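# Overview (structure and organization)
The primary structure of each chain is shown beneath.
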Amino acid sequence: MMEFFTGHYNYWLIIIIMMAGFYTVISRGNLVKKIAGLNIFQVSVFLLYISIGNVTDGATPIIEEGVTLYSNPLPHVLILTAIVVGVATTALGLALVVRIKEAYGTIEEDDIHTQDHSL
Amino acid sequence: MIESHLSLLIVVLPLLTAPFVAVLPNGRLPWFISMLASWSVFLMAAIQLLNVSNGSVISYELGGWAPPWGIEYRIDSVNALVTLIVAAIAAVTLPYALKSVADEIPSHQHSLFYAAFMLCLTGLLGIAQTGDIFNLFVFLEISSLSSYALISLGRNRQALTASYQYLIMGTIGATFFLIGVGLLYAMTGTLNMADLAQRLPELYNHRTIHTAFAFIMVGFALKLALFPLHLWLPNAYTYAPSVVTIFLAATATKVAVYVMLRVIFSVFGFSFIENTPANELFLLLCVMGIVMMSFYAIYQKDCKRLLAYSSVAQIGYMMLGISFGTALGITATMVHLFNHALMKGALFMAIGAIIYRVGSSRLEHMQGLGKHMPWTFMAIVIGGLSLIGVPGTAGFISKWYLVQAAIEQQHWLVVAVILFGSLLAVIYVWKLVEVMYFKPANEAAIPSVKEAPALLLIPTWILVIANIYFGFATEVTVGTAEQAAKLLLPGAH
């Protein structure tokens, strides 16, 4: 039973971060906080990829004499792409929040809804 | 030389056009260059479809790296047809864009608008072309990010919140897909779809594979707006600029349906899906979506929102075909994919022409417009008939195959729902017709409304005539769709 938790500790940590981010996105009404939650949610997936690339007792993937077992670098490379995508998403999301603030004068979801429905 | 790189050029051409257009001065030049690019892409997509129409498969190795290590573009009848749909809609939408964009978007943003449009096109074409599941994620994000930017350019401030809402839900969907891909990679060590398909069967009973499948399905159900994950769609379609609505409604969800087809049938294989509850779940959600979203459409007061809800219902029809898991079902899905792009493209173009003249898409502002804008009105009528599925229009062909597929499965309730959905479509299309033709015009407000300019009418009518043409000439659509069904379900024939 203990093995079930300690043997997969990286997954448990990732799931906790993931749920924290996901919960923030859903529960917060502040648009900036939602973006922050989205970021945390994405970071957990980056960690998932990076941790599955690790090979037990594997060395850093740089070719060196006398080393035969390397960690898998491919997930790291993949996640570099995903990080770039995440940065772009965050930038675009925050830019939208700025425009929403200019148009509505608030970044609270509830206030925006009341303003739209009172039209 | 060019022939052998065709598959890559289709994606690279709009990708290179985007930064080029972005640095051009505002004016007509960015529009013209984008239009040339989209027409070339359309031509190449047509040649590509001809090349694979005999059932052959093109495998293009990016940068000469052999699959499964390198990225592979794998073209067969399935994605060649989807690429052609996307390219064709872009080629028809861009001529339309000149006047509509000039009217709806501030002139200092035009070159950036066309750059974002080209990026969105790149992303959608890339999703359709690629045979690598991680590459698919990258293209998905290219198309999504550019479509968030495009939607936010709408003239009301609600466009901003609609875009934000779509950004949050779209990113969650894409991240779910990424989790699924990561789990697949952890289990198989490959990202190439064809390679995955070979390695997955021996792992069918593994729990991680089931989890990966669930994540990918939920992620893409969000992207394609499958009921009840459709909440972003009505706002996004309603508040986006007309050109963006036309393009996204006719292509974005279709490409997402294609990914569903590819993942379910090519990567996992239907024998895997049969042992999961996914099939019954899809069937249930589709049936609920068709009925509820059609009812929602009836009660809308804005015709763009009305058509948006109708789109969610139509996505239900497409997913129904997938959930049957039969050759006939896949044929129905592929045919409807094509036909729905035609009808929604035509309808949103006609609505865009009304917005160009009246400045609003609310039903009360459209009263009596039928007499002032007869050509636009006729386009809405014919597009609407196609949406209902009246014989003689493209919509009838897809409904026909879908009903046949349901009868083959003896799902009598589903047959009833498909027909009931058409009945509800009659009501909401009639609502448009009634407002435009039978309600007295508010003469004080619109005495000077003229017919839309030719540059808006010609693309609209190209799609309207295509709706009628493909209602009679079914060799292209049904032929390719049957070919696609053979490729996706090799055992069924």
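Throughout this description, residue numbers start from 1 for each chain and increase along the sequence as written. Chain letters start at A and ligand numbers start at 1, both assigned in the order the entries are written. This being a predicted model, a pLDDT of at least 70 is required before a residue's local features are given, and a value of 80 or more before pairs of side-chain atoms are given or counted; all residues contribute to the totals for chains, interfaces and linings. Side-chain calculation: all heavy atoms of the structure are included, whereas hydrogens and water are not.

### Structural notes on the overall build of chain A
From N to C terminus, chain A includes five helices and zero strands. Each helix corresponds to a stretch of at least 4 residues labelled H or I by DSSP, and each strand to a stretch of at least 2 residues labelled E; elements are numbered beginning at the N terminus. For chain A, the succession of helices and strands along the chain, N to C, is α-α-α-α-α. The C-alpha radius of gyration computed for chain A amounts to 20 Å, which surpasses the reference 14 Å derived for 119 residues by more than 25%, pointing to a less compact arrangement than a globule. Evaluated residue by residue, chain A yields a buried proportion of 30% over its 119 residues. By definition in these notes, contact holds between two residues if any of their heavy atoms fall within 4.5 Å. A separation of at least 24 residues holds for 46% of the contacts in chain A among residues at least 6 apart in sequence. With residues, only the protein chains shown are counted as cover, and all accessible areas are computed by Shrake-Rupley using a 1.4 Å probe. Accessible surface computed for chain A: about 7,300 Å², of which carbon and sulfur atoms make up 67%. With the radius of gyration taken over C-alpha atoms, the globule rule is written as 2.2 Å times the number of residues to the power 0.38. With a 1.4 Å probe rolled over the protein chains alone, any residue whose accessible area is under 20% of its type maximum counts as buried; one over 50% counts as exposed, and the rest are partly exposed.

### Describing the packing of helix α3 (residues 77–104) of chain B against helix α20 (residues 475–488) of chain B
Residue and element names in this part refer to chain B. Across the interface, α3 lies against α20 with an axial gap of 8 Å and an inter-helix angle of 140 degrees. Between α3 and α20, the angle is such that the two are oblique. Residues S77, V78 and L81 of α3 pack against T480, Q483, A484, L487 and L488 of α20. For helices, the axis comes from a line fit to the C-alpha atoms of the stretch in contact; other axes are also lines fit to C-alpha atoms, and the angle between any two N-to-C directions lies between 0 and 180 degrees. For classification purposes, an angle smaller than 35 degrees is called roughly parallel, one larger than 145 roughly antiparallel, one from 65 to 115 roughly perpendicular, and anything else oblique.

### A short note on the nonpolar core
For soluble globular proteins, the rule of thumb is that nonpolar side chains tend to be buried together. Residue and element names in this part refer to chain B. With 227 residues, the main nonpolar core has F113, F268 and L320 as its most contacted residues. Here this core gets 20 residues from one element, more than from any other, and that element is helix α10 (residues 242–268). Residues within four places of F113 in sequence aside, it is in contact with V101, I105, L150, L153, V243 and V244. Within this scheme, the nonpolar core is defined by two criteria: the residues are buried Ala, Val, Leu, Ile, Met, Phe, Trp, Tyr or Cys, and they are joined through side-chain atoms within 4.5 Å.

### Here we look at empty space enclosed by the protein
Buried and open spaces are told apart on a 1 Å grid over the protein atoms alone, a cavity being a set of points where a 1.4 Å probe fits but cannot get out and a pocket being an open set with protein on both sides within 12 Å along at least five of seven lines. Residues with an atom within 4 Å of a point are the lining residues. Grid points are joined across faces, edges and corners, and a volume is the space filled by probe spheres set on the points. Enumeration according to the criterion identifies three cavities of 30 Å³ or more in this entry. Considering the residues around the largest cavity, the lining is formed by 16 residues, among which L124(B), S143(B), Y166(B), K223(B) and A252(B) are closest to the centre. Here the element with the most residues in the lining of the largest cavity is α10(B); it accounts for five residues. Residues are grouped as follows: nonpolar covers Ala, Val, Leu, Ile, Met, Phe, Trp, Tyr, Cys and Pro; charged covers Asp, Glu, Lys and Arg; every other residue, Gly included, is treated as polar. Looking at side-chain class alone, the lining of the largest cavity contains eleven nonpolar, four polar and one charged residues. Q42(A), V45(A), F46(A), A82(A), V85(A), F137(B), E141(B), A174(B), T175(B) and L178(B) together form the lining of the second largest cavity. When contributions to the lining of the second largest cavity are tallied by element, the ones reaching two or more residues are α3 (31–52) and α4 (74–104) of chain A together with α5 (133–151) and α6 (158–188) of chain B. When the residues that make up the lining of the second largest cavity are grouped by side-chain class, the tally is seven nonpolar, two polar and one charged.

### Focus: helix α14 (residues 327–358) of chain B
To estimate the expected span of a helix, count its residues, drop one, and scale the result by 1.5 Å. Here α14(B) spans 46 Å end to end across 32 residues, near enough to the 46 Å set by a 1.5 Å rise per residue. A large share of α14(B) lies buried, amounting to 28 of its 32 residues.

### Quick word on the pattern of salt bridges
Residue and element names in this part refer to chain B. Think of a salt bridge as a Lys or Arg side-chain nitrogen and an Asp or Glu carboxyl oxygen that are within 4 Å of each other. In total, this model carries five salt bridges over all chains according to the counting rule given. Here R199 ties to D195 by a salt bridge, and the two come within 3.4 Å at their closest N and O atoms. Here D195 and R199 lie together in helix α7 (residues 193–199), a separation of four residues that amounts to about one turn. The exposure class assigned to R199 is partly exposed, which follows from its relative accessible area of 35%. The class for D195 is buried, based on a relative accessible area of 13%. Of the charged contacts, one joins E364 and R362 as a salt bridge, the two residues approaching to 3.5 Å between their closest N and O atoms. Take E364: its relative accessible area is 41%, and that puts it in the partly exposed class. Among the residues examined, R362 registers a relative accessible area of 33% and is labelled partly exposed.

### Regarding the layout of surface pockets
Counted as a void, the largest pocket has a volume near 1,100 Å³. Along its surface, the largest pocket is lined by 37 residues, and D116(A), Q158(B), N235(B), Y239(B) and R305(B) are the ones closest to its centre. Of the residues forming the lining of the largest pocket, the biggest block, eight residues, is contributed by α6(B). Across the lining of the largest pocket, the residue classes tally to 14 nonpolar, 13 polar and ten charged. If you add up the space inside the second largest pocket, you get close to 620 Å³. The wall of the second largest pocket is formed by 20 residues, among which Y11(A), I15(A), L183(B), T208(B) and T211(B) lie closest to the centre.

### Remarks on the interface of chain A and chain B
Opposite the 34 residues of chain A that make contact, chain B presents 27 residues. Summing both partners gives a buried area of about 2,800 Å² for chain A against chain B, and 79% of it is carried by carbon and sulfur. As used here, buried area is the combined drop in accessible area, with a 1.4 Å probe, of two parts when they are placed together. Three residues, Y49(A), L92(A) and L96(A), lead the burial of chain A against chain B; their summed loss comes to 18% of the area buried on that side. In protein, a polar contact requires one atom able to donate a hydrogen and another able to accept it; more generally it is a pair of N or O atoms within 3.5 Å, and residues adjacent in sequence count only if both atoms are side-chain atoms. In this assembly, chain A and chain B are joined by six residue pairs in polar contact (both at pLDDT 80 or more). Mapped by element, the contributors of at least two residues to the side of chain A that touches chain B are α2 (9–27), α3, α4 and α5 (109–117) of chain A. If one sorts the elements of the side of chain A that touches chain B by residue count, α4(A) sits on top with 16 residues. By residue class, the composition of the side of chain A that touches chain B is 25 nonpolar, six polar and three charged.

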